[in-house]
Amino acid sequence: MIVFKTFLKVLNKCKAPIIMYTVFLLFFGIFNMSTSDNITDFTASKPDILIVNEDEQIGITKNLIEYIEKNSNIKEIKSDKESIADALFYRDINYIIYIPNHFREDFLAGKKPEVKVESTGDYQASLAQMMLERYLKVAQTYSKEIKSEEELVKQINNTLEKQVQIEMTSKLDTDSLNKVAFYYNFANYSILAGCVYVICLILSSFKEEKIQKRTIVSSMNYHKYQKQLLIANSLFAIILWLLYVVISFFLLGKVMFTAHGLIYIANSFIFTLCALTIAFLIGNSMKNKDAVNGIVNVVALGSSFLCGAFVPMEMLPDFVLKIAHILPSYWYIKTNEMLKTIEIFNRRYITANFSKYGNSNWLYDTIYDYF
(Lines give C-alpha, C1' and ligand atoms only; values in the text may rest on other atoms or scores of the structure.)
Protein backbone atom coordinates (compact mmCIF):
# COMPACT_ATOMS: atom_id res chain seq x y z
CA MET A 1 0.00 0.00 0.00
CA ILE A 2 2.93 2.33 0.57
CA VAL A 3 3.75 2.23 -3.13
CA PHE A 4 0.13 2.99 -4.06
CA LYS A 5 -0.10 5.91 -1.64
CA THR A 6 3.12 7.40 -3.00
CA PHE A 7 1.93 6.79 -6.52
CA LEU A 8 -1.34 8.68 -5.85
CA LYS A 9 0.52 11.60 -4.30
CA VAL A 10 2.72 12.00 -7.36
CA LEU A 11 -0.27 11.42 -9.67
CA ASN A 12 -2.15 14.26 -7.97
CA LYS A 13 0.61 16.63 -9.08
CA CYS A 14 0.21 15.44 -12.69
CA LYS A 15 -3.52 16.17 -13.02
CA ALA A 16 -2.92 19.38 -15.01
CA PRO A 17 -1.48 17.68 -18.15
CA ILE A 18 -4.16 14.95 -17.96
CA ILE A 19 -6.86 17.62 -17.94
CA MET A 20 -5.12 19.42 -20.81
CA TYR A 21 -4.96 16.31 -23.03
CA THR A 22 -8.61 15.55 -22.21
CA VAL A 23 -9.64 19.10 -23.11
CA PHE A 24 -7.82 18.76 -26.45
CA LEU A 25 -9.73 15.56 -27.16
CA LEU A 26 -13.04 17.12 -26.16
CA PHE A 27 -12.41 20.26 -28.20
CA PHE A 28 -11.55 18.46 -31.43
CA GLY A 29 -14.28 15.87 -30.85
CA ILE A 30 -16.96 18.56 -30.44
CA PHE A 31 -15.49 20.54 -33.35
CA ASN A 32 -15.74 17.48 -35.58
CA MET A 33 -19.35 16.92 -34.48
CA SER A 34 -20.30 20.50 -35.32
CA THR A 35 -18.63 20.58 -38.75
CA SER A 36 -19.85 17.18 -40.00
CA ASP A 37 -23.06 17.14 -41.99
CA ASN A 38 -25.35 14.15 -41.97
CA ILE A 39 -25.47 13.29 -45.69
CA THR A 40 -27.83 10.44 -46.60
CA ASP A 41 -28.92 11.35 -50.14
CA PHE A 42 -27.01 11.55 -53.39
CA THR A 43 -27.67 14.64 -55.50
CA ALA A 44 -26.00 15.25 -58.82
CA SER A 45 -24.70 18.80 -59.11
CA LYS A 46 -25.08 20.86 -62.25
CA PRO A 47 -22.11 22.67 -63.79
CA ASP A 48 -22.24 26.36 -64.74
CA ILE A 49 -21.99 26.58 -68.52
CA LEU A 50 -21.78 29.39 -71.06
CA ILE A 51 -22.96 28.60 -74.61
CA VAL A 52 -21.64 30.74 -77.44
CA ASN A 53 -23.82 29.85 -80.44
CA GLU A 54 -22.77 31.08 -83.88
CA ASP A 55 -25.25 28.87 -85.73
CA GLU A 56 -29.00 29.19 -86.31
CA GLN A 57 -30.93 27.94 -83.29
CA ILE A 58 -33.04 25.38 -85.16
CA GLY A 59 -33.09 21.62 -85.61
CA ILE A 60 -30.29 19.66 -84.02
CA THR A 61 -28.46 22.83 -82.93
CA LYS A 62 -31.53 23.89 -80.94
CA ASN A 63 -31.86 20.38 -79.51
CA LEU A 64 -28.21 20.37 -78.37
CA ILE A 65 -28.67 23.70 -76.61
CA GLU A 66 -31.90 22.52 -74.95
CA TYR A 67 -30.16 19.36 -73.72
CA ILE A 68 -27.30 21.38 -72.22
CA GLU A 69 -29.75 23.82 -70.61
CA LYS A 70 -31.75 20.97 -69.08
CA ASN A 71 -28.70 19.40 -67.40
CA SER A 72 -26.72 22.46 -66.36
CA ASN A 73 -26.93 26.04 -65.14
CA ILE A 74 -26.71 28.36 -68.15
CA LYS A 75 -24.92 31.62 -67.42
CA GLU A 76 -25.43 34.87 -69.29
CA ILE A 77 -22.10 36.67 -69.75
CA LYS A 78 -20.85 39.22 -72.25
CA SER A 79 -19.41 37.46 -75.28
CA ASP A 80 -16.19 39.50 -75.45
CA LYS A 81 -12.96 37.64 -74.70
CA GLU A 82 -12.08 39.66 -71.61
CA SER A 83 -15.42 38.99 -69.88
CA ILE A 84 -15.23 35.28 -70.71
CA ALA A 85 -11.66 35.02 -69.43
CA ASP A 86 -12.62 36.77 -66.18
CA ALA A 87 -15.62 34.47 -65.70
CA LEU A 88 -13.40 31.40 -66.08
CA PHE A 89 -10.72 32.79 -63.79
CA TYR A 90 -13.15 33.65 -60.99
CA ARG A 91 -15.05 30.36 -61.46
CA ASP A 92 -18.30 32.10 -62.38
CA ILE A 93 -18.55 29.45 -65.09
CA ASN A 94 -17.00 25.99 -65.32
CA TYR A 95 -17.32 25.33 -69.03
CA ILE A 96 -17.75 27.22 -72.30
CA ILE A 97 -19.19 25.59 -75.44
CA TYR A 98 -18.58 27.28 -78.80
CA ILE A 99 -21.07 26.04 -81.41
CA PRO A 100 -19.57 26.99 -84.81
CA ASN A 101 -21.36 28.50 -87.77
CA HIS A 102 -22.98 25.91 -90.09
CA PHE A 103 -22.83 23.30 -87.34
CA ARG A 104 -26.28 21.94 -88.25
CA GLU A 105 -25.61 21.77 -91.99
CA ASP A 106 -22.23 20.07 -91.56
CA PHE A 107 -23.59 17.56 -89.08
CA LEU A 108 -26.53 16.56 -91.25
CA ALA A 109 -24.15 16.27 -94.21
CA GLY A 110 -22.22 13.54 -92.37
CA LYS A 111 -19.30 15.69 -91.38
CA LYS A 112 -17.95 16.03 -87.85
CA PRO A 113 -18.03 19.75 -87.06
CA GLU A 114 -15.62 20.71 -84.28
CA VAL A 115 -17.23 22.06 -81.13
CA LYS A 116 -14.59 24.08 -79.30
CA VAL A 117 -14.63 24.30 -75.54
CA GLU A 118 -12.88 26.03 -72.65
CA SER A 119 -12.95 24.84 -69.07
CA THR A 120 -11.68 25.45 -65.56
CA GLY A 121 -10.41 21.88 -65.37
CA ASP A 122 -12.30 21.04 -62.18
CA TYR A 123 -14.75 18.18 -61.60
CA GLN A 124 -17.71 20.34 -62.69
CA ALA A 125 -15.98 21.00 -66.01
CA SER A 126 -15.36 17.27 -66.41
CA LEU A 127 -19.06 16.64 -65.85
CA ALA A 128 -19.93 19.19 -68.54
CA GLN A 129 -17.47 17.59 -70.95
CA MET A 130 -18.98 14.14 -70.37
CA MET A 131 -22.43 15.60 -71.02
CA LEU A 132 -21.38 17.18 -74.33
CA GLU A 133 -19.51 14.09 -75.51
CA ARG A 134 -22.47 11.89 -74.66
CA TYR A 135 -24.81 13.96 -76.82
CA LEU A 136 -22.43 14.13 -79.78
CA LYS A 137 -21.67 10.38 -79.71
CA VAL A 138 -25.35 9.45 -79.58
CA ALA A 139 -26.17 11.94 -82.35
CA GLN A 140 -23.35 10.68 -84.61
CA THR A 141 -24.39 7.06 -84.08
CA TYR A 142 -28.01 7.72 -85.12
CA SER A 143 -27.03 10.05 -87.98
CA LYS A 144 -25.46 7.10 -89.83
CA GLU A 145 -28.84 5.37 -90.12
CA ILE A 146 -31.43 8.19 -89.88
CA LYS A 147 -31.58 10.90 -92.54
CA SER A 148 -34.65 12.76 -91.32
CA GLU A 149 -33.64 15.52 -88.93
CA GLU A 150 -36.95 15.36 -87.07
CA GLU A 151 -36.64 11.59 -86.51
CA LEU A 152 -32.98 12.00 -85.61
CA VAL A 153 -33.78 14.52 -82.88
CA LYS A 154 -36.57 12.29 -81.56
CA GLN A 155 -34.32 9.22 -81.28
CA ILE A 156 -31.55 11.26 -79.63
CA ASN A 157 -33.97 12.57 -77.01
CA ASN A 158 -35.41 9.12 -76.35
CA THR A 159 -31.94 7.72 -75.73
CA LEU A 160 -30.70 10.59 -73.58
CA GLU A 161 -33.84 10.55 -71.44
CA LYS A 162 -32.97 7.09 -70.18
CA GLN A 163 -31.42 7.49 -66.75
CA VAL A 164 -29.74 4.93 -64.53
CA GLN A 165 -31.52 4.50 -61.21
CA ILE A 166 -29.04 4.66 -58.31
CA GLU A 167 -30.01 2.65 -55.26
CA MET A 168 -28.00 2.94 -52.07
CA THR A 169 -27.66 -0.63 -50.80
CA SER A 170 -25.18 0.03 -48.01
CA LYS A 171 -26.71 0.38 -44.56
CA LEU A 172 -23.59 1.89 -43.03
CA ASP A 173 -24.07 5.15 -41.14
CA THR A 174 -20.94 6.59 -42.70
CA ASP A 175 -21.36 10.00 -41.09
CA SER A 176 -21.44 8.57 -37.56
CA LEU A 177 -18.61 6.13 -38.25
CA ASN A 178 -16.44 8.93 -39.64
CA LYS A 179 -16.97 10.83 -36.39
CA VAL A 180 -16.08 7.77 -34.33
CA ALA A 181 -12.93 7.17 -36.39
CA PHE A 182 -11.91 10.82 -36.03
CA TYR A 183 -12.44 10.77 -32.25
CA TYR A 184 -10.52 7.56 -31.64
CA ASN A 185 -7.76 8.56 -34.07
CA PHE A 186 -7.20 11.74 -32.10
CA ALA A 187 -7.42 9.72 -28.87
CA ASN A 188 -4.14 8.16 -30.03
CA TYR A 189 -2.40 11.38 -29.02
CA SER A 190 -4.29 11.87 -25.74
CA ILE A 191 -3.76 8.28 -24.56
CA LEU A 192 -0.11 8.09 -25.59
CA ALA A 193 0.79 11.56 -24.29
CA GLY A 194 -1.08 11.02 -21.01
CA CYS A 195 0.54 7.64 -20.35
CA VAL A 196 4.06 8.70 -21.31
CA TYR A 197 3.97 11.99 -19.41
CA VAL A 198 2.45 10.72 -16.17
CA ILE A 199 4.18 7.33 -15.99
CA CYS A 200 7.59 8.76 -16.89
CA LEU A 201 7.18 11.50 -14.28
CA ILE A 202 6.08 9.01 -11.62
CA LEU A 203 8.86 6.52 -12.34
CA SER A 204 11.48 9.26 -12.36
CA SER A 205 10.16 10.42 -8.98
CA PHE A 206 10.57 6.91 -7.57
CA LYS A 207 14.12 6.90 -8.95
CA GLU A 208 15.21 9.88 -6.88
CA GLU A 209 18.27 9.04 -4.83
CA LYS A 210 16.61 9.47 -1.42
CA ILE A 211 13.63 7.32 -2.33
CA GLN A 212 15.80 4.61 -3.87
CA LYS A 213 17.98 4.42 -0.75
CA ARG A 214 14.92 4.16 1.49
CA THR A 215 13.51 1.42 -0.71
CA ILE A 216 16.75 -0.53 -0.62
CA VAL A 217 17.07 -0.43 3.18
CA SER A 218 13.39 -1.24 3.73
CA SER A 219 12.07 -4.74 4.28
CA MET A 220 10.02 -4.64 1.06
CA ASN A 221 10.91 -7.23 -1.54
CA TYR A 222 12.29 -5.54 -4.68
CA HIS A 223 10.22 -7.70 -7.05
CA LYS A 224 7.07 -6.99 -5.05
CA TYR A 225 7.90 -3.29 -5.17
CA GLN A 226 8.25 -3.36 -8.97
CA LYS A 227 5.07 -5.42 -9.29
CA GLN A 228 3.04 -2.92 -7.27
CA LEU A 229 4.47 -0.07 -9.29
CA LEU A 230 3.49 -1.82 -12.54
CA ILE A 231 -0.02 -2.52 -11.24
CA ALA A 232 -0.45 1.11 -10.15
CA ASN A 233 0.65 2.39 -13.56
CA SER A 234 -1.61 -0.13 -15.30
CA LEU A 235 -4.60 1.00 -13.25
CA PHE A 236 -3.88 4.61 -14.19
CA ALA A 237 -3.70 3.73 -17.91
CA ILE A 238 -6.96 1.75 -17.75
CA ILE A 239 -8.76 4.53 -15.86
CA LEU A 240 -7.52 7.05 -18.43
CA TRP A 241 -8.80 4.77 -21.22
CA LEU A 242 -12.17 4.37 -19.47
CA LEU A 243 -12.46 8.14 -19.14
CA TYR A 244 -12.02 8.62 -22.90
CA VAL A 245 -14.44 5.76 -23.66
CA VAL A 246 -17.12 7.32 -21.43
CA ILE A 247 -16.58 10.67 -23.16
CA SER A 248 -17.04 8.95 -26.54
CA PHE A 249 -20.47 7.64 -25.43
CA PHE A 250 -21.58 11.17 -24.57
CA LEU A 251 -20.17 12.73 -27.75
CA LEU A 252 -20.99 10.05 -30.33
CA GLY A 253 -24.21 8.58 -28.97
CA LYS A 254 -25.91 5.34 -30.01
CA VAL A 255 -23.30 4.32 -32.61
CA MET A 256 -21.06 3.33 -29.67
CA PHE A 257 -23.57 0.63 -28.68
CA THR A 258 -23.17 -1.14 -32.04
CA ALA A 259 -20.66 -3.82 -33.06
CA HIS A 260 -18.55 -1.09 -34.68
CA GLY A 261 -18.47 0.92 -31.47
CA LEU A 262 -17.50 -2.15 -29.44
CA ILE A 263 -14.56 -2.93 -31.71
CA TYR A 264 -13.42 0.71 -31.63
CA ILE A 265 -13.38 0.46 -27.83
CA ALA A 266 -11.52 -2.87 -27.91
CA ASN A 267 -8.97 -1.47 -30.36
CA SER A 268 -8.36 1.56 -28.15
CA PHE A 269 -7.92 -0.72 -25.12
CA ILE A 270 -5.25 -2.76 -26.92
CA PHE A 271 -3.51 0.46 -27.94
CA THR A 272 -3.66 1.67 -24.32
CA LEU A 273 -1.75 -1.45 -23.28
CA CYS A 274 0.85 -0.65 -25.95
CA ALA A 275 1.07 2.94 -24.68
CA LEU A 276 1.49 1.62 -21.14
CA THR A 277 4.42 -0.62 -22.11
CA ILE A 278 6.06 2.18 -24.12
CA ALA A 279 5.69 4.58 -21.20
CA PHE A 280 6.99 2.00 -18.71
CA LEU A 281 10.00 1.29 -20.93
CA ILE A 282 10.86 4.97 -21.32
CA GLY A 283 10.22 5.67 -17.64
CA ASN A 284 12.62 2.93 -16.56
CA SER A 285 15.26 4.21 -18.97
CA MET A 286 15.31 7.84 -17.83
CA LYS A 287 16.00 9.68 -14.60
CA ASN A 288 15.73 13.35 -15.56
CA LYS A 289 12.26 14.84 -15.00
CA ASP A 290 13.10 17.83 -17.17
CA ALA A 291 13.30 15.58 -20.23
CA VAL A 292 9.69 14.38 -19.91
CA ASN A 293 8.17 17.20 -21.98
CA GLY A 294 10.61 16.61 -24.80
CA ILE A 295 9.96 12.89 -24.77
CA VAL A 296 6.20 13.44 -24.93
CA ASN A 297 6.63 15.69 -27.97
CA VAL A 298 8.84 13.19 -29.75
CA VAL A 299 6.87 10.04 -28.93
CA ALA A 300 3.22 11.15 -28.76
CA LEU A 301 3.16 14.18 -31.04
CA GLY A 302 5.61 12.72 -33.54
CA SER A 303 3.84 9.37 -33.91
CA SER A 304 0.44 11.09 -34.17
CA PHE A 305 1.62 13.20 -37.10
CA LEU A 306 3.40 10.31 -38.82
CA CYS A 307 0.57 7.80 -38.44
CA GLY A 308 -2.49 9.86 -39.42
CA ALA A 309 -4.02 10.95 -36.10
CA PHE A 310 -4.05 14.62 -37.15
CA VAL A 311 -3.68 14.35 -40.94
CA PRO A 312 -5.66 11.61 -42.78
CA MET A 313 -3.54 8.68 -43.93
CA GLU A 314 -4.52 9.14 -47.58
CA MET A 315 -2.96 12.61 -47.54
CA LEU A 316 0.40 11.44 -46.18
CA PRO A 317 3.29 10.58 -48.54
CA ASP A 318 4.05 6.90 -49.07
CA PHE A 319 7.55 7.13 -47.57
CA VAL A 320 6.09 8.60 -44.36
CA LEU A 321 3.62 5.71 -44.05
CA LYS A 322 6.41 3.20 -44.63
CA ILE A 323 8.32 4.72 -41.72
CA ALA A 324 5.14 4.71 -39.61
CA HIS A 325 4.77 0.93 -40.01
CA ILE A 326 7.14 0.40 -37.08
CA LEU A 327 4.90 2.35 -34.69
CA PRO A 328 1.87 0.92 -32.82
CA SER A 329 -0.06 4.10 -33.61
CA TYR A 330 -0.03 3.25 -37.32
CA TRP A 331 -1.75 -0.10 -36.84
CA TYR A 332 -4.20 1.37 -34.32
CA ILE A 333 -5.26 4.18 -36.68
CA LYS A 334 -5.25 1.91 -39.73
CA THR A 335 -7.66 -0.43 -37.93
CA ASN A 336 -9.91 2.53 -37.07
CA GLU A 337 -9.99 3.58 -40.72
CA MET A 338 -10.78 0.02 -41.87
CA LEU A 339 -13.60 -0.35 -39.34
CA LYS A 340 -15.62 2.54 -40.75
CA THR A 341 -15.86 0.78 -44.13
CA ILE A 342 -16.93 -2.66 -42.85
CA GLU A 343 -20.66 -3.26 -43.14
CA ILE A 344 -21.01 -6.86 -41.95
CA PHE A 345 -18.77 -8.79 -39.60
CA ASN A 346 -18.54 -12.43 -40.61
CA ARG A 347 -16.08 -15.30 -40.52
CA ARG A 348 -15.14 -15.00 -44.21
CA TYR A 349 -14.13 -11.34 -43.87
CA ILE A 350 -12.20 -11.94 -40.66
CA THR A 351 -10.38 -14.94 -42.14
CA ALA A 352 -9.46 -13.04 -45.31
CA ASN A 353 -8.08 -10.05 -43.42
CA PHE A 354 -6.32 -11.79 -40.53
CA SER A 355 -4.97 -14.98 -42.09
CA LYS A 356 -1.96 -13.11 -43.50
CA TYR A 357 -0.76 -12.52 -39.93
CA GLY A 358 -0.30 -16.23 -39.26
CA ASN A 359 -2.22 -19.19 -37.94
CA SER A 360 -4.77 -17.57 -35.62
CA ASN A 361 -7.82 -19.85 -35.86
CA TRP A 362 -8.55 -19.28 -32.21
CA LEU A 363 -8.91 -15.57 -32.94
CA TYR A 364 -11.31 -16.19 -35.84
CA ASP A 365 -13.44 -18.50 -33.68
CA THR A 366 -13.55 -16.05 -30.78
CA ILE A 367 -14.60 -13.05 -32.89
CA TYR A 368 -17.01 -15.07 -35.02
CA ASP A 369 -18.73 -16.63 -32.00
CA TYR A 370 -19.07 -13.23 -30.35
CA PHE A 371 -20.84 -11.60 -33.29
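Each value, and the rule that gives it
Chains are numbered independently. Their residues run from 1 in the order of the written sequence. Only residues with pLDDT of at least 70 are given local features in this predicted model, and only at 80 or more are side-chain atom pairs given and counted; all residues enter the totals for whole chains, interfaces and linings. Side-chain calculation: all heavy atoms of the structure are included, whereas hydrogens and water are not. Nine residue types can take part in a nonpolar core, namely buried Ala, Val, Leu, Ile, Met, Phe, Trp, Tyr and Cys, and a core is a set of them joined through side-chain atoms within 4.5 Å. Working definition: with a 1.4 Å probe on protein chains only, accessible area under 20% of the residue-type maximum means buried, over 50% means exposed, and in between means partly exposed. Numbering of helices and strands runs from the N terminus; a helix is a DSSP stretch of H or I covering at least four residues, while a strand is a stretch of E covering at least two. A contact between two residues is defined here by any heavy atoms of the two lying within 4.5 Å. One less than the residue count of a helix, multiplied by 1.5 Å, gives the span that helix is expected to have. DSSP calls a pair of strands paired once it identifies at least 2 bridges connecting them. Convention used here: a crossover is right-handed provided that the path from the first strand, over the helix, to the second strand proceeds clockwise when the strands point away from the viewer. Two rings belonging to Phe, Tyr or Trp (six-membered ring only in the last case) form a pair when the distance between their centres is within 6.5 Å. Interplanar angles under 30 degrees mark stacking, angles over 60 mark edge-to-face geometry, and anything in between is tilted.

(A) Representation of the nonpolar core within the structure. Residues Tyr183, Tyr184, Cys195, Val198, Ile199, Tyr244 and Val296 are the most contacted members of the largest nonpolar core, which totals 64 residues. The element that contributes the greatest number of residues to this core is helix H8 (residues 174-206), accounting for 21 residues. Apart from the residues within four sequence positions on either side, tyrosine 184 is in contact with Val245, Ser248, Met256, Tyr264, Ile265, Ser268, Tyr332 and Asn336.

(B) Examining helix H12 (residues 292-307) more closely. Along its 16 residues, H12 runs 22 Å from first to last C-alpha, staying within 8% of the 22 Å computed at 1.5 Å per residue. Those residues of H12 not exposed but buried are Val292, Ile295, Val296, Ala300, Ser303, Ser304 and Cys307. Glycine 308 sits one or two residues past H12 and shows a positive phi near 100°.

(C) Here's a closer look at the environment of threonine 335. Note on placement: threonine 335 falls in helix H14 (residues 328-339). What makes threonine 335 partly exposed here is its relative accessible area of 30%.

(D) Looking closely at the pairing of strand E1 (residues 48-53). Among the six residues of E1, five are classified as buried, and the element is accordingly described as predominantly covered. Relative to strand E2 (residues 73-74), E1 runs parallel, the two sharing two bridges. Across the sheet, the residue bridging to aspartate 48 is asparagine 73, located in E2. In this view, the connection linking E1 to its parallel neighbour E2 by way of helix H3 (residues 59-70) has right-handed handedness.

(E) Summary view of the packing of aromatic side chains. Evaluated as defined, the whole model comprises 13 aromatic pairs. Where phenylalanine 89 meets tyrosine 90, the ring centres are 5.0 Å apart and the plane angle is 85°; that geometry is what we call edge-to-face. Assigned by exposure class, phenylalanine 89 and tyrosine 90 land together as exposed. When the centroid spacing of 4.9 Å and the interplanar angle of 85° are considered together, the rings of tyrosine 330 and tryptophan 331 count as edge-to-face. Overall, the relative accessible area of 6% leaves tyrosine 330 in the buried class. You can call tryptophan 331 partly exposed: its relative accessible area is 37%. Through a chain of ring-to-ring contacts, the aromatic side chains of Phe186, Tyr189, Phe305 and Phe310 assemble into a single cluster.

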